[in-house]
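Coordinates in review
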There are 2 protein chains.
Amino acid sequence: MSAEVPTQHPCHAYRSLMERHRNVGRLAAIAEIISRDFLTAMPEGAYMNRLDQISYLHKRIHNDIVCCDAQRELEEAQDHVEAHGGLWDEWDRANLQGMVDIFRSHSIQTPETMEESARIANEGRRLHREVLKKGDWSAGVPHLKRVVDFTRKMAEKKAKWRGSATLYEALVQDYSPGLDLKTIWKWFNQLDRELLQMLPLVMERQSQRSKIVEMTGSFDPKAQMWLNRALIEMLGFDFDRGSLHETSHSPVEGGTPDDTRLVIKTADSSNFLDSLKSALHEGGHGLYTQGLPAKGEWAYQPVAQDLGTMMHESQALFVEMILGRTPEFFRFLAPRLEGLFHTIRDPALTAENLYRIKTNVRPTLNRRQADEVTYFFHIFLRFQIECDLIEGKIEVEDIPAYWTEWMHNKLGIMPQNHAEGVLQDVHWFVGKFGYFQSYTLGHMVAAQIFERMRTDIPQIFGKIERGDFRQVQYWLHKNIYSKGSLMPAEALLKDVTGYKASPDFLISHLENRYLSD
Amino acid sequence: MSAEVPTQHPCHAYRSLMERHRNVGRLAAIAEIISRDFLTAMPEGAYMNRLDQISYLHKRIHNDIVCCDAQRELEEAQDHVEAHGGLWDEWDRANLQGMVDIFRSHSIQTPETMEESARIANEGRRLHREVLKKGDWSAGVPHLKRVVDFTRKMAEKKAKWRGSATLYEALVQDYSPGLDLKTIWKWFNQLDRELLQMLPLVMERQSQRSKIVEMTGSFDPKAQMWLNRALIEMLGFDFDRGSLHETSHSPVEGGTPDDTRLVIKTADSSNFLDSLKSALHEGGHGLYTQGLPAKGEWAYQPVAQDLGTMMHESQALFVEMILGRTPEFFRFLAPRLEGLFHTIRDPALTAENLYRIKTNVRPTLNRRQADEVTYFFHIFLRFQIECDLIEGKIEVEDIPAYWTEWMHNKLGIMPQNHAEGVLQDVHWFVGKFGYFQSYTLGHMVAAQIFERMRTDIPQIFGKIERGDFRQVQYWLHKNIYSKGSLMPAEALLKDVTGYKASPDFLISHLENRYLSD
């Protein structure tokens, strides 16, 4: 009846570990479902008890992972690898390594910190919705202070265990395993330098063109959601194993390969591009999740998990920013929009105008509305704030002034209220310190992947214009999705593209798109 | 942060048991959420893994309940009651008794049977939807045989443990604790005798009236759902702690006091009365669930649970059949329907005609479409089949012939296909053998409660006609909902109405409504 793990691996301890991870994976999948439900179907009055339920489940998962049998089994399995290496293929080895990593990262935590962490994440998501609506920064401060305190304490344990150079590096490595902060600083400094030079050139160039036609129509939210679903389905998203929901919360991807729930903000009838952008972004995440190995013995195993947030964001940003902002994509889209929104010959909805709207480069206050050239600066700001905050150089109360001054110095603009500034992202509220860098690293990886893909797939732009994404999907599936965690992200990238990760690919992508057409 | 149990009870073992039940309750609440999600939001492709997840969770719950610490703590707590009786109030005593019952009923099962039972329930629900759609009885037989085998085995264990007179009695007692089969047979035989006499009298009486006007309009499903929600909200359902969904599956109530999810069949535009009926029925369940004690120390505790299916169905049938079929209810409803469905002066939608549609008595093939007088016979048929099936006097293959012959002999009608007959209910497919009797017992209890309520609430019919259900709700809350499992169902009924359970109240309710107006 049940999808039993069919492995016949000769190491008994490893078989038992696989069984353990299968069961942990089931509980983790359940946690995903109820967390998604929290954002979509849950009645508001269930909030407090749901928090309890989710955090209690995480505590149980933690206890299952760190129980003493697991430690003994891990030792036995590692001995088995040494003694009978020939019986362990690369998947089993990577899987065992994943088990060791998961065990260690949990061992330094207590069940109570796991519970508190889950609680912060879910409380914070709701609190953020409320304070963002009101623009009320001060109502968020006590929660953020609690999160920062908690995060610093966690970071101390993690830094000690990982031998990280700084507390913040320990957090970054949660999301981007194997990367050091020095390398990220080097890349970010290069991007800062080169993009600051590029920005005025692009803006100057774009200013010489005829004016962009602003959208003035009204766009039926239901029709928007049809479009969002249709596009991500064309991109390969399997609605038999996933869904796209609207929420009043911040967008979120998530789930498991067979129940991948994408959640985007409720569509706004004055602008279909925002909800489309969000659907493409979460859709990219969803494609990765659905493509992970999930059949037979690898279901729920560590080796079947994704490669962390750099790779996850690379898949989201590849779809949203790279593929979804090609002129060809808009040439495919434009005629269909006329039918969908009943707007024949709206000059705002031509392929050319839509392309220009989505590639219009100018400093903006909002990260999610940023263009591809200035997007990095939004990340760089948050990265620096996090760095100083976690190391104790600044406190939560200092963030708004820091933010405003930085934006002014870097981009010459300033938020007029907290909703435009420090309150715009949910990440800190849910305890995701160290995450933001993943967006820029992901953008870099997406550009690097795209360069390789263009060589591998003949006439890729023609295919995009025809809405034929099959080869793109095949390529991503074969090279990225199906590999799970067989090798670290950086090794996979080198393997697939022939090069180590570097900002050069992103810079040359931006030059191509923004300075050479 | 967390909603800690604030009890200061002096018995340490009991405090520990409360903590254990709080945690078991959290996992059970999670199981409710993902089972509800299974019926509403889950993508079809997640089916197999979801089955695994739900059944695995039930296995964990079982293990938490029967672990050896629990046994020791129960013994200690029972010793404490004997030694320091004065420290135990009636709630704590009932709670401890509930803990003992839960422990014992789980102790006779293995984790694997708990897992299998959850799997049967969820597989069966989906299979039933498929075979009902096609009317394909034979496609359901293998599953049903498996369920019957499994149920007989479970029944053997239960009968031994409970000292039940027969295997079937042991199953019935799962749903109606404390009742014996002999009593149910006695009640059912009385109902059979008296209702068979009443039926031709009622039909004769109704045949002398002018013809009922059939509904021919089209009723917007969205408007129907608004009505359904509005009515159960008026009845006291709190949408801040619950919701009403549509599903392609069979209707189901469920959830917890703070997340009560009612699921009814997708509304049909040719008939709003079916979906209304379903909403009132599930709404009655939901009101009971939401009204159970759930605050502070009693959250998730055994004493805070409902009194089993007889009482649960009594609450559903009270709203659906007793209150929801009064002439006054239709006088409240009728003018609002005109506005809602844009149908001024439709002769089918007058209060009088609607009342006559819903109180029209005649033999029907479908249980859920049965009138109040013949409803019992549908239950009696299933009850007898279950009895013979579990005792091995008939097998699954014999059911259709049994069914057809019984219906013909009793009501003079015969199903023309399996969808009209043996396939109409989901219960057997999900392993609910012993449940059906709860409907008739519930109907009896609902009538008995109503008789008392009419004495307690002055001008109750005038209040119903004005759509003022506040005192009805207050009465039910005070006398039923808020009592949780403080005393057994029969004792509560006697306490509230002054009489032991008896079919007399149902018979006199039916005589009043169908033979005296």
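Computed from a predicted model, the values in this text were never measured in an experiment. (Residues numbered from 1 in each chain as written. Chains lettered and ligands numbered in written order. Predicted model: local features only at pLDDT ≥ 70, side-chain atom pairs only at ≥ 80, totals over all residues.)

Right, let's get into the overall build of chain A. Helix and strand content of chain A: 20 helices and three strands. Computed over its C-alpha atoms, the radius of gyration of chain A comes to 23 Å, within 12% of the 24 Å expected for a compact globule of 517 residues. Counting only C-alpha atoms, chain A reaches 70 × 50 × 45 Å along its principal axes. Across the 517 residues of chain A, 47% fall into the buried class. Counted over contacts in chain A with a minimum sequence separation of 6, partners at least 24 positions apart contribute 73%. (Helix = DSSP H or I, 4+ residues; strand = E, 2+ residues; numbered from the N terminus. Rg over C-alpha atoms; globule rule 2.2 N^0.38 Å. Buried ≥ 20, exposed ≤ 12 C-beta atoms within 10 Å, placed from the backbone. Contact = placed C-beta atoms within 7 Å.)

Residue and element names in this part refer to chain A. For chain A, the assigned domains read domain 1 (12-107) and domain 2 (181-515). One C-alpha centre belongs to domain 1, the other to domain 2; they are set 30 Å apart. The interface is formed by 18 residues belonging to domain 1 together with 18 residues belonging to domain 2. Every element with two or more residues in the side of domain 1 that touches domain 2 is listed here: α1 (12-40) and α4 (90-107). Of the residues forming the side of domain 1 that touches domain 2, the biggest block, 11 residues, is contributed by α1. Taken together, the residues of the side of domain 1 that touches domain 2 sort by class into eight nonpolar, five polar and five charged. (Domains from an automatic or database assignment. Nonpolar A, V, L, I, M, F, W, Y, C, P; charged D, E, K, R; others polar.)

With an axial shift of 0.0 Å and an RMSD of 0.0 Å, the rotation relating chain A to chain B amounts to 180°. Such a turn and shift between the copies fits a two-fold axis. Relative to the rotation axis, the C-alpha of I34(A) is the closest in chain A, positioned 3.5 Å from it. Take the interface residues of chain A: 97% of them recur as interface residues in chain B, which is what a same-surface contact looks like. (Least-squares fit on C-alpha atoms with pLDDT ≥ 70 in both.)

As a further point, take helix α14 (residues 375-390) of chain B. Residues and elements named next belong to chain B. With 16 residues, α14 extends 23 Å between its outermost C-alpha atoms, agreeing within 8% with the 22 Å of an ideal straight helix rising 1.5 Å per residue. The element α14 is largely enclosed, with a buried count of 13 among its 16 residues. Positioned one or two residues after α14, G392 has a phi angle of 80°, which is positive. (Expected span 1.5 Å × (residues − 1).)

Another aspect to go through is the interface of chain A and chain B. Facing the 32 residues of chain A at the interface are 31 residues of chain B. Those elements that place two or more of their residues in the side of chain A that touches chain B are α1, α2 (47-66) and β1 (242-247) of chain A. When residues of the side of chain A that touches chain B are assigned to their parent elements, the largest contribution, eight residues, is made by α1(A). A class-by-class count of the residues in the side of chain A that touches chain B yields 14 nonpolar, eight polar and 10 charged.

A few words now on the sheet that holds strand β1 (residues 242-247) of chain B. All names here are of chain B. Across the sheet, which stays open at both edges, the three strands sit in the order β1-β3-β2 with mixed pairing between neighbours. Sheet topology places β1 and β2 (255-256) at the edges, where each strand pairs with a single neighbour. Summarising the sheet, β1 and strand β3 (residues 259-265) pair through six bridges and their orientation is parallel. From the neighbouring strand, G242 faces β3, where its bridge partner is T260. Against the sheet, helix α10 (residues 272-291) touches β1, β2 and β3, its axis set at about 165° to β3. (Pairing = 2+ DSSP bridges. Axes fitted to C-alpha atoms, helices over the stretch in contact; angles between N-to-C directions.)

We now examine unusual backbone geometry. We note that H342(A) has phi near 55°; this positive angle belongs to a residue other than glycine. Structurally, H342(A) is set in the loop between α12 (327-341) and α13 (351-358). Classification of H342(A) as partly exposed rests on a count of 13 C-beta atoms within 10 Å. Phi angles above zero are rare outside glycine, and R345(B) is one such case at about 60°. With respect to the helices and strands, R345(B) occurs in the loop between α12 (327-341) and α13 (351-358). By C-beta crowding, R345(B) is classed as exposed, having 7 other C-beta atoms within 10 Å.

Turning our eyes to something else, we now look at the environment of H477(B). All names here are of chain B. Tracing the sequence through the fold places H477 in helix α18 (residues 470-479). Through-space distance from the C-alpha of H477 to that of Q290 is 9.7 Å; in sequence the pair is 187 residues apart. Residues within four places of H477 in sequence aside, it is in contact with G291 and S482.

Take the nonpolar core next. Counting 273 residues, the largest nonpolar core has V445(A), A446(A), V445(B) and A446(B) as the members making the most contacts within it. Two domains each put at least three residues into this core: domain 1 (12-107) and domain 2 (181-515) of chain A. Non-local contacts of A446(A), meaning those with residues more than four positions away in its chain, are made with S314(A), L317(A), F318(A), M321(A) and I322(A). (Core = buried A, V, L, I, M, F, W, Y, C linked by C-beta atoms within 7 Å.)

A separate point is the confidence of the model for chain A. Residues and elements named next belong to chain A. Residues of chain A with pLDDT of at least 70 account for 97%, and the chain-wide mean is 93. Mean pLDDT across the elements of chain A bottoms out in strand β2 (residues 255-256) (85) and peaks in helix α14 (residues 375-390) (98). Scored as a complex, the prediction yields pTM 0.86 and ipTM 0.82. (pLDDT = per-residue confidence, 0-100.)

Now for the packing of helix α3 (residues 68-83) of chain B against helix α4 (residues 90-107) of chain B. All names here are of chain B. Closest axis-to-axis distance for the α3/α4 pair is 11 Å, and the angle between their directions is 145°. In this structure, α3 meets α4 at a crossing whose hand is left-handed. Of α4, the residues touching α3 (which contributes A70, Q71, L74, A77 and V81) are R93, L96, M99, V100 and F103. Classifying every residue of the contact of α3 with α4 gives eight nonpolar, one polar and one charged. (Left-handed = near helix turned anticlockwise from the far one by under 90°.)

All names here are of chain A. Pairing is mixed across the open sheet formed by three strands, whose spatial order is β1-β3-β2. Only two strands of the sheet have a single neighbouring strand rather than two, namely β1 and β2. α1 rests against β1, β2 and β3 (259-265) of the sheet, and its axis sits at about 25° to β3. The strands touched by helix α10 (residues 272-291) are β1, β2 and β3; relative to β3, the strand with the most contacts, the crossing angle is about 165°.

Here the focus is the environment of L144(A). Residues and elements named next belong to chain A. Positionally, L144 belongs in helix α6 (residues 137-162). Between the C-alpha atom of L144 and that of K295, which follows or precedes it by 151 residues, the distance is 40 Å. Residues contacting L144, with those up to four places away along its chain left out, are V396, W428 and F429.

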